[in-house]
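Architecture and fold: a report
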Amino acid sequence: VVLKNNPMVTPFEYLVNSFSYPQAHEVDPTPAIAPFFFIFFGIALGDAGYGLVLSLVCAGLLVMLKMGPIGKKLSWMFLLSGMAAVVFGMITGSVLSLPFKFGLFSPLENPILLLIIALGLGLVQLYFGVIISAWGNIKAGRWLDVIFGQGFWLFFLTSVLLVLGKDGIGLSKHAATLNYLLLIATTGLVLGNMRGKKGIIKKILAIPGGLFTIYGSIGFFSDVLSYSRLMALGLSGGVMGGIMNQLAWLVIRSVPVLGWIFGGAIFLFGHLLNFGLSILGAYVHSSRLQYLEFFGKFYEGGGKPLIPLKNEHKYTFVINEREAN
């Protein structure tokens, strides 16, 4: 298998390489995970100052060091992801957790909004994973699997969301219609599980399997809840940065003259520590959401990277001109 993508997506091939190459019949997941990892990393890091420093460090490494393909991909991935943190930090008004008053909203003052954003992004990504799974069936010509599998599954999940959230989105007066839609979706899933079963008895015995498929929606929505970790990471980094700022300022105000030195040291060390932990958490948890929640909807993996044929010399003899004569 050879992965080939445009220059903006190629750095995120590192995530696929770290997990497993796709099989020959599978879709390359890199273009699908690149925008989501970019956004998730930006939310989890959540600070424009940290994002800018990360991008500058990666840019410096790319300029000063001669790295191999893996090192280049990793550096470019963090450079781009750092810019995502800059954008999100400007939206939330977070720059080194300093008390600036700008941005559209503050996660510390309105964490519920950040939670809604995280869960909404998770729902979009998981829906997209099911759609990719359907695309694989379309390419293979399995149209009934698309309709009774992924089609009715998305129909059912959407119906559940509308029934549960009808009051919050102003659809209470359509409650009966939404219930009928949910019933149709449930029936479609049960009938879909009967496909391929010959005989009345086997079809009847397939009904519990269809109901078990419906029970699987609990697992789907629990996967959506996993995306709440993005809110937790964004908040924890901001809180820790704010604590370091308060400690530094407390020392500056309490200790004459030398307070600026000690306070500056606390500010620098505290933010370096928070910077490292925030990057680690953002990378690990953003990757986890791709590998477990997203890949679980469509991806198998197990492919082997193509190693082109080449000459390999076991021994090399160097003969100078004098010895040759």
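Right above here is the structure, for reference.
To start, this report covers the structure provided alongside it. None of these values were measured; they are calculated from a predicted model. Within every chain, residues take consecutive numbers counted from 1 along the sequence as written. Residues qualify for local features only when their pLDDT is at least 70, as the model is predicted, and side-chain atom pairs are given and counted only at 80 or more; totals for whole chains, interfaces and linings, by contrast, use all residues. Side-chain numbers come from the whole structure's heavy atoms, not from hydrogens or water.

This part is about the overall build of the chain. Broken down by element type, the chain carries 13 helices and zero strands. We count a stretch as a helix when DSSP gives it H or I for four or more residues in a row; a strand needs E for two or more, and each element gets its number in order from the N terminus. Along the chain, from the amino end to the carboxyl end, the secondary structure elements read α-α-α-α-α-α-α-α-α-α-α-α-α. For the radius of gyration, the atoms used are the C-alpha atoms, and the globule rule reads 2.2 Å times the number of residues raised to 0.38. In terms of C-alpha radius of gyration, the chain reaches 26 Å, well past the compact-globule figure of 20 Å for 325 residues. Seen along its three principal axes, the alpha-carbon backbone of the chain occupies a region of about 85 × 80 × 25 Å. Burial status follows relative accessibility: with a 1.4 Å probe on protein chains alone, a residue under 20% of its type maximum counts as buried, one over 50% as exposed, and anything between as partly exposed. Taken across its 325 residues, the chain has 41% of its residues classed as buried. Two residues qualify as a contact provided that any one of their heavy atoms is within 4.5 Å of a heavy atom in the partner residue. Residue pairs in contact within the chain that sit at least 24 positions apart in sequence constitute 71% of those at least 6 positions apart. All accessible areas in this document rest on Shrake-Rupley with a 1.4 Å probe, and a residue is counted as covered only by the protein chains that are shown. A total accessible area of about 19100 Å² is found for the chain, and carbon and sulfur atoms account for 72% of it. Positive charge is attributed to Lys and Arg, negative charge to Asp and Glu, and no charge count is given to His or to the chain ends. Taken as the charge location is NZ of Lys, CZ of Arg, CG of Asp or CD of Glu. In the chain, 22 positive and 13 negative side-chain charges are present, and the distance between their average locations comes to 7 Å.

Moving on, we come to the side chain of Glu 26. Relative to the helices and strands, Glu 26 is located in the loop between helix H1 (13–19) and helix H2 (30–45). One side-chain nitrogen of Lys or Arg within 4 Å of one carboxyl oxygen of Asp or Glu is enough to make a salt bridge. For the buried Glu 26, which has no salt bridge, the nearest side chain bearing the opposite charge is Arg 142, at an N-O separation of 10 Å. Polar contacts, as used here, are pairs of N or O atoms within 3.5 Å; protein pairs need one atom able to donate a hydrogen and one able to accept it. Residues neighboring in sequence count only if both atoms are side-chain atoms. A distance of 2.9 Å separates a polar side-chain atom of Glu 26 from the backbone nitrogen of Gly 301. If we ignore the near neighbours within four places in the chain, the residues touching Glu 26 are Phe 298, Tyr 299, Glu 300 and Gly 301.

Moving on, we come to the packing of aromatic side chains. Only Phe, Tyr and Trp rings are paired, with Trp represented by its six-membered ring, and only when their centres lie within 6.5 Å; those with planes under 30 degrees apart are stacked, over 60 edge-to-face, the remainder tilted. Within this structure, the stated rule accounts for 26 aromatic pairs. By way of ring pairs, the aromatic residues Phe 19, Phe 36, Phe 40, Phe 128, Tyr 227, Tyr 291, Phe 294, Phe 295, Phe 298 and Tyr 299 are connected into one cluster.

On to helix H3 (residues 48–64), then. Multiplying 1.5 Å by the helix residue count minus one yields the expected span of that helix. With 17 residues, H3 should reach 24 Å at 1.5 Å per residue; the first-to-last C-alpha distance of 24 Å fits that figure. Considered for burial, the residues of H3 that qualify are Ala 48, Gly 49, Tyr 50, Gly 51, Leu 54, Ser 55, Cys 58 and Gly 60. Its side-chain oxygen at 2.8 Å from the backbone nitrogen of Gly 49, Asp 47 defines the N-terminal cap of H3.

Turning next to the pattern of salt bridges. The final tally for this structure, using the stated rule, is five salt bridges. Measuring nitrogen to oxygen at the nearest pair gives 2.8 Å for the salt bridge that ties Glu 13 to Lys 73. Of this pair, Glu 13 sits in helix H1 while Lys 73 is found in helix H4 (residues 69–92), placing the two residues 60 residues apart along the sequence. Like Lys 73, Glu 13 is buried. For Glu 109, the salt bridge identified is with Lys 101, shortest N-O distance 4.0 Å. Of the two residues examined, Glu 109 and Lys 101, each falls in the exposed class.

Core analysis: the biggest nonpolar cluster contains 64 residues, and Phe 41 and Phe 156 have the highest contact counts within it. Of all the elements, H2 adds the most residues to this core, at ten residues. For our purposes a nonpolar core is just a set of buried Ala, Val, Leu, Ile, Met, Phe, Trp, Tyr and Cys residues, chained together by side-chain atoms within 4.5 Å.

The angle between two axes is taken between their N-to-C directions and runs from 0 to 180 degrees, where each axis is a line fitted to C-alpha atoms and a helix contributes only its stretch in contact. Two elements in contact, H2 and helix H5 (residues 111–139), have axes separated by 12 Å at closest approach and are oriented at 170°. Here H5 runs roughly antiparallel to H2, going by the angle between their axes. When the axes of H2 and H5 are compared, the crossing they make is left-handed. Residue-level inspection shows Ala 32, Phe 36, Ile 39, Phe 40 and Ile 43 of H2 in contact with H5, the latter providing Leu 114, Ile 117, Leu 121, Val 124, Gln 125, Phe 128 and Ile 132. For the contact of H2 with H5, the residue count by class is eleven nonpolar, one polar and no charged. When an angle is under 35 degrees it counts as roughly parallel; over 145 it counts as roughly antiparallel; between 65 and 115 it counts as roughly perpendicular; any other value is oblique. In this scheme the crossing of two helices becomes right-handed for a clockwise turn of the near helix relative to the far one and left-handed for an anticlockwise turn of less than a right angle. For this scheme, ten residues count as nonpolar: Ala, Val, Leu, Ile, Met, Phe, Trp, Tyr, Cys and Pro. Four count as charged, namely Asp, Glu, Lys and Arg, and the remainder, Gly too, count as polar.

Patches were defined on residues exceeding 30% relative accessible area and lacking a salt bridge, with like-charge contacts within 9 Å and nonpolar side-chain contacts (Val, Leu, Ile, Met, Phe, Trp, Tyr) within 5 Å. Taken together, the side chains of Val 53, Val 57, Leu 61, Val 63, Met 64 and Leu 65 make up a nonpolar region of the molecular surface, amounting to roughly 570 Å² of accessible area. Assignment of secondary structure puts Leu 61 in helix H3.

Before going further, it helps to spend a moment on the packing of H3 against H4. The geometry of H3 relative to H4 is characterised by a closest axis approach of 7 Å and an angle of 155° between their N-to-C directions. As the angle between them shows, H3 and H4 are arranged roughly antiparallel. The way H3 lies across H4 gives a crossing that is left-handed. In this structure, H3 contributes Ala 48, Gly 51, Leu 52, Leu 54, Ser 55, Cys 58, Ala 59 and Leu 62 to the contact, and H4 contributes Lys 72, Ser 75, Trp 76, Phe 78, Leu 79, Gly 82, Met 83, Ala 85, Val 86, Gly 89 and Met 90. Residue composition of the contact of H3 with H4, by class: 13 nonpolar, five polar and one charged.

Keep in mind that these numbers describe shape and distance, not what the molecule does.
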